[in-house]
Amino acid sequence: MGLRGYIAKKIFFALIAFVIAITVVFFLYHVIPGNPANIFATDRTVNPEQRENLLERWGLNEPLWKQYGIFLRNLLQGDLGFSYLHKLPVSEVIGISLPWTLLLLGTSFVLNAVIGIFLGAFVAWRRGSKLDTGFVLTYNFYNAIPLFFVGMLFIALFSFYSRKWGWPFYFPAYGAQTAGSSEWGFFPHLVDILWHLVLPLTVLTIAGILGWSWFMRGNLINILTEDYIKTARAKGLNENQVLYRHAFRNAILPVVTNIGMSIGGLIGGAVLIETVFSYPGTGRMLYEALIRHDYPLVQGAFIIISGLTLLGLLLAEIVYGFIDPRIRTS
Amino acid sequence: MLVLMGMSPSLMVMGQEPIYGGIMHTPLSADAHALNPFSWTTTYEAYVIWHIYDPLVRLDLENQAYACIAESWSHSTDFSEWTFVIRDDVYWHDGEKLTIDDVFYTYNLNWNDPDIPRRSWLFDEITELEVVDNTIVITFGWGPKPADVLYDLATTLIVPEHIWADIDLHDYANDVNPIGSGPFKFVEWERAQFFRLEKHDQYQFPIYIDGKTIPIISEVEAAFYALAGGDIEVMANPPPELESAAEFYNASVHTSLNDYWVYLGMNQRRYPNNVTEFRQAIMYGIDRQEIVDVIKYGRGAIMPASCNLPWGTYYNEEAKTYDYNITKTIEMLDDLGWVDTDEDDIREDGLGNPLEFDVIVSADAQESVDTVKFIKTYLEPAGIQVNVVPIIWDVLWTTVGGTGDEANTWDYDWAVLGWVGFWSDFHPSSFYWLLSADNWWGSNAVNIPGWNSTVRTQVTDLCELVLYETDEAVVADLIDQIQVLVAEDLPYLPLQVNGGTYLYKTDEYKGWQLGPTDGPDNYFTWLSIQLISPPESGPGYLALGAILALVITVGLIKFRRRRD
């Protein structure tokens, strides 16, 4: 099978997986206990009759198969539904928070992947050195502390004590921008957004870089013990050639898979960090939709997440096909 | 018309030349979803909406009616006819004048549409609505109490007819440019980030600050550091360990009681929950003060067994109080003959079943879960086994009959729930809602399923009498009787009324208004708060932005020079 056949096969399976994923998402969420009418449950002004009216208005009293049919038809038309919590189309609700999530997690993702891969390779190459030991200790220490705690520590230190102690800089404790900063003009607004980004991005990126480096380090250390590395060295190749041409390219294959899988996760957001820093991303939005039973919004977000995860995996497998000829010919 | 109750606004002004300016920052812990005054669902939405819209009357810091859009009001001797005179100096945020037609439009809309979620139950009792000059005359089929009319009906938010006349209010999010007549105009809403409001220049009362920013700060510690750093001026319920340091950050502490009380609900459809002496024994065995002190960090108070808050007009001190006494619990169970016959440390009831009870509680409400754990510990020495069963709220609510759906309902022993929505001590009709078998909330279906004793019939009759009685002394006497009966029979086992603790900054603003049931961020504070010293010009961020821009530019120039 050539590369085209390989790609076509992967696309076909990705589509099947997508249909299964959206079906599972739909039915799973509809069979769990609970009822969205209970949003009004503690309100003594809403009686059962009014609650029934709300169910009818939202179509939630239709049989499940009928709701599923409506769901598929709308999906084909690009309609993800209407969020009854936000009283807005689902795509619009996701569209409000997505740019902020992409800014925070996208930036963090790129920094994590690029710095993490090279840092991992760097310390793996120096396995057993003081640098490597320091890296392992740092990784374990940082991972032992919950991320939200690190976030709180950063807020206390760089938002409050920095001002109290008269440091020349400080960063905001919450939010993605100052209220009204959009009226200051493009550049000051941009600076304000970046200023708000510093703390959450730093917390996320430190964790991310260490995680990716750890992954890359493990892969590379394994590969450096392989026979073909010894063969390469026996052939007289210099250490840089051994590292980059033979070890690095093989070690990066699982990392590419991970990158592909992580694309969908970007949309899911980083709930903890978004919550600690009150960042207006999709993670917080999705969490609230889940606990408030906003069915259409949860479905819409999951559809996008599963779609993007599958797309990321598909792209990773296609990239595999290019960088590893064994895969497309197997 | 015999009684004229006109009230003139009396704002608490400081007695000095006011300082105008400044933006007040008051955070919310979660975002609103729509700003529809007819259908808001969360306190976050209500908070923003009540900045933008005004009712005919608001409640003051002592929970008494305060003239807002209405200038005065009066009623007939039997309370069946109410007349509200509106002020002549009220304007909408778009500059249009608020007229009596707007008031009629809003009330008429509520009167004719029973599906409006935020509709007072009193609209169902209206028989006629009429406009006479600048007054609206409301006629009821009977005479509801002044407290009910003024606190429930007259707090309906008034909307402009010229905006709402052509829209479906049920589907309208009203989030782009809501126009009200309240003290603050809507400027901007960045979802999940902040609201910006500016003062309504034509407001009928003076406002000193330029506006308010309402940031969404989801993490309480972050809010505390924002307060300590001067980014916000007030916050609710700070972490207890940080509260003590408030003074250090130029903040003051204010505590108040919230409109929410928690009770242990026993499913009286099941034996032995329907045995009054058993319920009394349990009530003696719960150390409610410790629950308030430990679980609530002292924020709140014991809720009296009479289901009536211990302050205000109607509280009856003669009603039974059930001070913690585990010895009494043991004695009462012994008197019932319910002893541990099989020596497993659990007593058996009159039918020989062990006194073992599952207590369902909302898994989301950690304080309620902790409360049940405490109850478990309290009752263990008395030979009662309590099992803590945290479940999701929706399932809990369905189980206790809250949805009105009988399937899978009432399959529980005990539950921890709460009542929210009114101050029962100021509101005589609240006993009707709580206890009367004739309305859904107090009925046999929900909250107190299975309460079918003769006392219930007596209480229901008394509630009906309260509802229609016009003599205030008689009302007070009837409510006294209800409290004694309820405290004796215990349909609910009230635990505690929740309290709130607030931190507010005192180094930048003065004029905070504080009340026993209000936080510092209330309507009267909005009208009286002002800067201590004149505002400084220019935000610091611009300076920071300029410095950053300069550093980046210099860096780039150096980099290019080196590369060249």
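Calculation notes
- Residues numbered from 1 in each chain as written.
- Chains lettered and ligands numbered in written order.
- Predicted model: local features only at pLDDT ≥ 70, side-chain atom pairs only at ≥ 80, totals over all residues.
- Heavy atoms only, no water.
- Helix = DSSP H or I, 4+ residues; strand = E, 2+ residues; numbered from the N terminus.
- Buried < 20%, exposed > 50% of the residue type's maximum accessible area, 1.4 Å probe, protein only.
- Contact = heavy atoms within 4.5 Å.
- Areas by Shrake-Rupley, 256 points an atom, 1.4 Å probe, with all protein chains shown as cover.
- Core = buried A, V, L, I, M, F, W, Y, C linked by side-chain atoms within 4.5 Å.
- Salt bridge = Lys/Arg side-chain N within 4 Å of Asp/Glu carboxyl O.
- Phe/Tyr/Trp six-rings, centres within 6.5 Å; stacked < 30°, edge-to-face > 60°.
- Lys NZ or Arg CZ within 6 Å of the ring centre and 35° of its normal.
- Pairing = 2+ DSSP bridges.
- Axes fitted to C-alpha atoms, helices over the stretch in contact; angles between N-to-C directions.
- pLDDT = per-residue confidence, 0-100.

### What to know about the overall build of chain B
A count of helical and extended segments in chain B gives 16 helices and 20 strands. Counting all 564 residues of chain B, 57% fall into the buried class. Sequence-distant contacts, at least 24 apart, represent 69% of the contacts inside chain B between residues at least 6 apart. Carbon and sulfur atoms make up 50% of the accessible area of chain B, which totals about 22,300 Å².

### As for the nonpolar core
With 74 residues, the main nonpolar core has L56(B), F84(B), Y107(B), I138(B) and L435(B) as its most contacted residues. Apart from residues no more than four positions distant in its own chain, Y107(B) is found in contact with L56(B), F123(B), L129(B), I136(B), I138(B), L153(B), A154(B), T156(B) and I158(B). Formed by 67 residues, the second largest nonpolar core is a distinct cluster that contains M216(A), I221(A), A222(B) and A223(B).

### So, the pattern of salt bridges
Using the criterion set out here, one finds 20 salt bridges over all chains in the structure. The salt bridge partner of E183(A) is R196(B), with a shortest N-O separation of 3.1 Å. Placement of E183(A) in the loop between α6 (147-164) and α7 (186-223) and of R196(B) in strand β10 (residues 194-199) is noted, with the two residues assigned to different chains. Residue classification places R196(B) among the buried positions, given a relative accessible area of 16%.

### Concerning unusual backbone geometry
Residue and element names in this part refer to chain B. Following Y271, the chain continues into P272 via a peptide bond in cis, with omega recorded as 5°. Note that P272 resides in the loop between β13 (251-266) and α7 (276-284). One non-glycine residue with positive phi stands out, namely C307, at about 65°. The residue L490 is not glycine, and still its phi comes out positive at about 55°. Residue L490 is classed as buried on the basis of its relative accessible area of 0%.

### A word on the packing of aromatic side chains
Given two aromatic rings, one states the distance between the centres and the angle between the planes to describe the pair. One pass over the full model with this rule turns up 53 aromatic pairs over all chains. Grouping aromatic residues by their ring pairs yields a cluster made of F154(A), F158(A), F160(A), Y161(A), W165(A), W167(A), F169(A), F171(A), F224(B), Y225(B) and Y249(B). When the ring centre of W189(B) is taken as reference, the NZ or CZ atom of R191(B) above it lies at 4.1 Å.

### Some remarks on the sheet that holds strand β2 (residues 23-25) of chain B
Residue and element names in this part refer to chain B. Strand order in the open sheet formed by four strands is β2-β11-β10-β9, and the pairing between neighbours is mixed. Because the sheet does not close on itself, it has two edges, and the strands there are β2 and β9 (184-190). Pairwise comparison of adjacent strand axes, ignoring direction, gives a mean angle of 20° for this sheet.

### Considering the pairing of strand β5 (residues 70-75) of chain B
In regular strands, side chains alternate between the two faces of the sheet. All names here are of chain B. The buried count for β5 comes to five of six residues, which makes it a mostly enclosed element. Here β5 runs beside strand β6 (residues 81-86); their pairing, made up of five bridges, is antiparallel. Its bridge partner being in β6, A70 is matched across the sheet by I86.

### Side note on the confidence of the model for chain A
Any region with low pLDDT has predicted coordinates that should not be read closely. All names here are of chain A. With 87% of its residues at a pLDDT of at least 70, chain A reaches an overall mean of 83. At the low end of the mean pLDDT range in chain A sits helix α2 (residues 48-57), at 63; at the high end sits α7, at 93. Here residues 39-45 is a poorly scored stretch, pLDDT under 50, and it has 29 contacts once near neighbours within four places are set aside; other chains count.

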